[in-house]
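Residues per chain, in single letters:
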Amino acid sequence: MKKSAWLAGIVSIASVFSASAALAAQPMPWQTDLQPAATGIMHEIRWFEEYTLWFVVPIVLLVLGLLVYVVVRFNRRANPVPSRTSHNTMIEVVWTVGPVLILLLLAVPSFQLLTAQYTPESEPEITIKATGYQWYWGYEYQGEEGEDVAFDSLLLQEGDRADYGKEDKAAYPRLLAVDNEIVVPVDTTVRLLVTAGDVLHSWAMPAFGVKMDAVPGRLNETWFHVEEEGIYYGQCSELCGKDHAFMPIAVRAVSRDKYDAWLVAARDDVEEANKMLMAAIALDTERKLASAE
């Protein structure tokens, strides 16, 4: 009882002291840009997005300029007798070679990025199986025989916030927070096996640059390597039924020692392990705030 009471007291302030870490990456009001990158792959995706803009913007401006020029220069009033020219070798060469060169400049980095997305940086140290259901996710940490950890992750109900110590809506936003987050260590390659138990789903984490379809009867594989601690939010991105919008994904990235402690405790009781982890994070954050003062 004393241990549970201590944990309850610590967890009640965890959302306050760990808010900055929990805000690692989540959708923001009026957001127009991509979420901050939390993996090397997402850094490359953001670079490729900015790279393509150097082609897209000039092309759009060129086409707009040509349209305006044609409307002004060749309307019926300004050009009552239209030219009957039907062939121009130079123009045909330019509009054939130009797009080919542009597509080539886009294709090379695009294929390199696609290859990187399916090639882990290192041998995965952790394997997690994510199974999509209507409308929640089930997770299994694959370990040695008898050491697997399995739990379901459901949308956090508003009435359950106090029980889970997640009253801070900035850190645990409505419709994105879950009762049990995936816990992974930072600076570690994680293999994610994705499938579904009923209909099509899709495991998507914007900050990781990961989106993998969950198909019944099929096991798809992806990976991620989180760089910074915090909670990262995503959602099912495949229209899977009436509660598709209420099927969030939350990944809590922590230090290796905290992950190891959580994994040992989670083999007995996942919810208790989560409370202990939140308490440890809260204490660390409190110490950092105290030392900063």
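Structure: see above.
Residues numbered from 1 in each chain as written. Predicted model: local features only at pLDDT ≥ 70, side-chain atom pairs only at ≥ 80, totals over all residues. Heavy atoms only, no water.

K.L.:
How would you explain helix 4 (residues 89-117) if you had to name every residue and give the values?
P.N.:
The end-to-end C-alpha separation of helix 4 is 42 Å, in line with the 42 Å expected for 29 residues at 1.5 Å each. Within the sequence span of helix 4, burial applies to Pro 109, Leu 113 and Ala 116. Lining the buried residues of helix 4 we find helix 3 (40-73) and strand 8 (220-225). Sitting at the head of helix 4, Asn 88 places a side-chain oxygen 3.2 Å from the backbone nitrogen of Met 90. (Helix = DSSP H or I, 4+ residues; strand = E, 2+ residues; numbered from the N terminus. Expected span 1.5 Å × (residues − 1). Buried < 20%, exposed > 50% of the residue type's maximum accessible area, 1.4 Å probe, protein only. Contact = heavy atoms within 4.5 Å. Polar contact = N/O pair within 3.5 Å; in protein donor to acceptor, adjacent residues only side chain to side chain.)

K.L.:
Any details on the environment of Tyr 141? Residues and values, ideally.
P.N.:
With respect to the helices and strands, the residue Tyr 141 is situated in strand 2 (residues 136-141). Since its relative accessible area comes to 3%, Tyr 141 is described here as buried. Taking the C-alpha atoms as reference points, Tyr 141 and Ile 128, 13 residues apart in sequence, are found 4.6 Å from one another. Apart from residues lying up to four places away in sequence, Tyr 141 is in contact with Ile 126, Thr 127, Ile 128, Asp 148, Val 149, Phe 151, Ile 182, Val 183, Tyr 259 and Trp 262. Among the polar contacts listed, one links the side chain of Tyr 141 to the backbone oxygen of Val 183, at a separation of 2.7 Å.

K.L.:
Which residues make up the side chain of Arg 46, and what values go with them?
P.N.:
By the secondary structure assignment, Arg 46 is in helix 3. Arg 46 has contacts with Asp 33, Leu 34, Gln 35 and Ala 37, leaving out every residue within four places of it along the chain.

K.L.:
Break down the packing of aromatic side chains for me, with residues and values.
P.N.:
Summed over the entire model, instances satisfying the criterion amount to 12 aromatic pairs. With 5.9 Å between their ring centres and 45° between their planes, Tyr 139 and Phe 151 make a pair best called tilted. Within this pair, whereas Tyr 139 is found in strand 2, its partner Phe 151 is found in strand 3 (residues 149-153), the two being separated by 12 residues in sequence. Assessed through its relative accessible area of 2%, Tyr 139 is described here as buried. Following the ring pairs from residue to residue traces out a cluster consisting of Tyr 139, Tyr 141, Phe 151, Tyr 259 and Trp 262. (Phe/Tyr/Trp six-rings, centres within 6.5 Å; stacked < 30°, edge-to-face > 60°.)

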